[in-house]
Amino acid sequence: MSTTTARTPRGRQFFANPGPTNIPDSILKAVAHVSIDFNDPAFLTVYDGVVAGLKRILKTQHEIFLYTGSGHAAWEAALVNLFSAGDALLVIETGHFSESWGKMAQDFGLEIRTLAADWRRGADFAALRAMLAADSAHAIKAICAVQNETATGMELSIAEIRAALDATGHPAMLLVDTISSLGSLDFRMDDWGVDVAVGGSQKGLMLPTGLSFTGVSPKAMAAHKTSRLPKSYLNWTNMLTRRHKSFIGTVPTSLFYGLQESIRLLEEEGLDQVFARHARLAEAVRRCVRHWSGNNGPQLFCLAPDRFSNSVTAVQMPEGHNAEDIRRIALGTFNVSLGGGLGRLGGKVFRIGHLGDLNEPMILGTLATVEASMRVAGVPHTPGGVNAAIDYLADQARAA
Ligand SMILES: *Cc1c(COP(=O)(O)O)cnc(C)c1O
């Protein structure tokens, strides 16, 4: 008779995925709202307050359109509302998500020009300037940029992209995916001259999946007026005729009660404190991984320290070891959910999400469990990475 039996999970699952993320109890309670007519004055008050709050989080005064759909719906809304078949877009390559947005644009008959980049080092802004300067005919209608590439754990400076547009006097619109950065990393739609900011509910905003949105500048609204790609449910002009200025059909009211609570939580802590907490936990993760990397252990995937993401860390496995083994053991044996490698990084990296509703014990528990999983899987590493994280977090607490 076998002495090994499958474990029955007890306690909370530690959810260290970079999306969806942990949903705070108060948000879970808020979304458990009875049905309400979306034109009920009580709901309209909540709705208008949420839209105003979302503008504060995006740091914008511009229009916001919301969609019942995941981030992909907002990606699609940005494309179909702005462009006509054959328009050229410049996609800044960051990883799986920049590729996917670009492929979606190709599906709509748009021409994609890519600023190619090494996924471990990130795009070269001098090359971006050169590409914009070379486009003297201004064929490029927009730049698509992913602020936080969730697949690689790297941040792209939106201010640098704005600077490249300004320096070359190029009139292209700037479209930014903030799906895994909003509410975790600083984002300033208006200061950075962003024309369309794409966001989603289930990452830094700590909500269930199913709500996404776009902030839209006046310049983008003007481009919308002449765009000819087919659109109906996602058409901004149609939306503007509605009381909610969004949503052609039923409004997902529960998610608005959740978003009201999410905005309350973020503003109660203070956005700058939220960003500082993300930076602190992210640095603890990186110190831990650097420690493990000795003895031919796993490495930080990102090789450009000034571009480390503070919301997700991708960890590159040593040659000959599969990241899926670590994920399977972490989940099956220890009930910790990690992110896997996406696209061409499948099996090569695992990802630790450290965004949203997260604190020191949750991240230390996750790191300890990854280390235990490496032992179980026989993956080489220098033991004691968690101690490097403890040292850092204790120093930070003492200095505070
Ligand atoms: C998760 C994510 C998406 C996709 O959003 P969905 O809600 O899964 O459709 C797009 N971009 C980035 C950067 C993401 O992290």
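Residues numbered from 1 in each chain as written. Predicted model: local features only at pLDDT ≥ 70, side-chain atom pairs only at ≥ 80, totals over all residues. Heavy atoms only, no water.

A.B. asks: Just to check I follow, could you spell out unusual backbone geometry for this structure?
C.D. replies: Most peptide bonds are trans, and most residues other than glycine sit at a negative phi. Cis geometry is found at the peptide bond from glycine 19 to proline 20, where omega equals 0°. Secondary-structure assignment places proline 20 in the loop between strand S1 (14-16) and helix H1 (25-31). The phi dihedral of asparagine 295 is positive, around 60°, even though this residue is not glycine. Along the polypeptide, asparagine 295 turns up in the loop between helix H10 (271-292) and strand S11 (299-300). Under the relative-accessibility criterion, asparagine 295 is labelled exposed at 54%. (Helix = DSSP H or I, 4+ residues; strand = E, 2+ residues; numbered from the N terminus. Buried < 20%, exposed > 50% of the residue type's maximum accessible area, 1.4 Å probe, protein only.)

A.B. asks: Quick question: what am I supposed to make of the packing of aromatic side chains here?
C.D. replies: Think of a pair of aromatic rings as described by two things: how far the centres are apart, and how the planes are tilted against each other in angle. Per the stated rule, a full pass over the model turns up 10 aromatic pairs. Residues phenylalanine 43 and tyrosine 47 carry aromatic rings whose centres are separated by 6.0 Å and whose planes lie at 55° to one another, so their mutual orientation is tilted. Pair noted here: phenylalanine 43 and tyrosine 47 are both in helix H2 (residues 41-58), with a separation of 4 residues, about one helical turn. No difference in accessibility class separates phenylalanine 43 from tyrosine 47, as the two residues are buried. (Phe/Tyr/Trp six-rings, centres within 6.5 Å; stacked < 30°, edge-to-face > 60°.)

A.B. asks: So what exactly am I meant to see when it comes to the UniProt feature "domain: Aminotransferase class V" (unreviewed entry) in the chain here?
C.D. replies: In this structure's numbering, the residues bearing the UniProt feature "domain: Aminotransferase class V" (unreviewed entry) are residues 46-326. Here residues 46-326 runs as 41% helix and 18% strand, with 43 Å between its end C-alpha atoms. (UniProt positions renumbered as here; feature names shortened; annotations may be inferred.)

A.B. asks: Any chance you could explain the site of the ligand here in plain terms?
C.D. replies: Ser70, His72, Thr150, Asp177 and Lys203 are the nearest of the 13 residues found near the ligand. Take aspartate 177: an N or O atom from its side chain is 2.6 Å from a nitrogen atom of the ligand. In this structure, an oxygen atom belonging to the ligand sits 2.7 Å away from a side-chain N or O atom of lysine 203. In isolation the ligand has 380 Å² of accessible area, and contact with the protein removes 91% of it. Judged by the proximity of its atoms to the pocket grid, the ligand belongs to the largest pocket. The leading source of residues in the shell around the ligand is helix H3 (residues 71-82), at 3 residues. Across the shell around the ligand, the residue classes tally to 4 nonpolar, 7 polar and 2 charged. (Near = heavy atom within 4 Å. Polar contact = N/O pair within 3.5 Å; in protein donor to acceptor, adjacent residues only side chain to side chain. Areas by Shrake-Rupley, 256 points an atom, 1.4 Å probe, with all protein chains shown as cover. 1 Å grid on protein atoms, 1.4 Å probe; cavity = no way out; pocket = protein on both sides within 12 Å on 5 of 7 lines; lining within 4 Å. Sits in = over half its atoms within 2 Å of the grid points. Nonpolar A, V, L, I, M, F, W, Y, C, P; charged D, E, K, R; others polar.)

A.B. asks: In this structure, what is going on with the state of the cysteines? I would like to understand it.
C.D. replies: Here a disulfide denotes one covalent bond, and it connects the sulfur atoms of two cysteines. Using the criterion set out here, one finds 0 disulfides in the structure. The thiol of cysteine 288 is not disulfide-bonded; the next cysteine sulfur, from cysteine 302, is found 17 Å away. The buried category is assigned to cysteine 288, whose relative accessible area is 0%. Judged by relative accessible area, which is 5%, cysteine 302 ranks as buried. (Disulfide = S-S within 2.5 Å.)

A.B. asks: Teacher, can you tell me more about the domain arrangement of the chain here?
C.D. replies: Note: interface size is frequently given as the accessible area lost on complex formation between the parts. Under the domain assignment used here, the chain contains domain 1 (25-267) and domain 2 (270-399). Centre-to-centre, using C-alpha coordinates, domain 1 lies 28 Å away from domain 2. Contact with domain 1, which involves 31 residues of that partner, is made by 27 residues of domain 2. Of the roughly 2,400 Å² buried at the junction of domain 1 and domain 2 (both faces included), carbon and sulfur atoms supply 59%. For the domain 1 face of the interface with domain 2, the top three residues by lost area are Trp119, Arg120 and Ser184, together amounting to 26%. (Domains from an automatic or database assignment. Contact = heavy atoms within 4.5 Å. Buried area = accessible area lost by both parts, 1.4 Å probe.)

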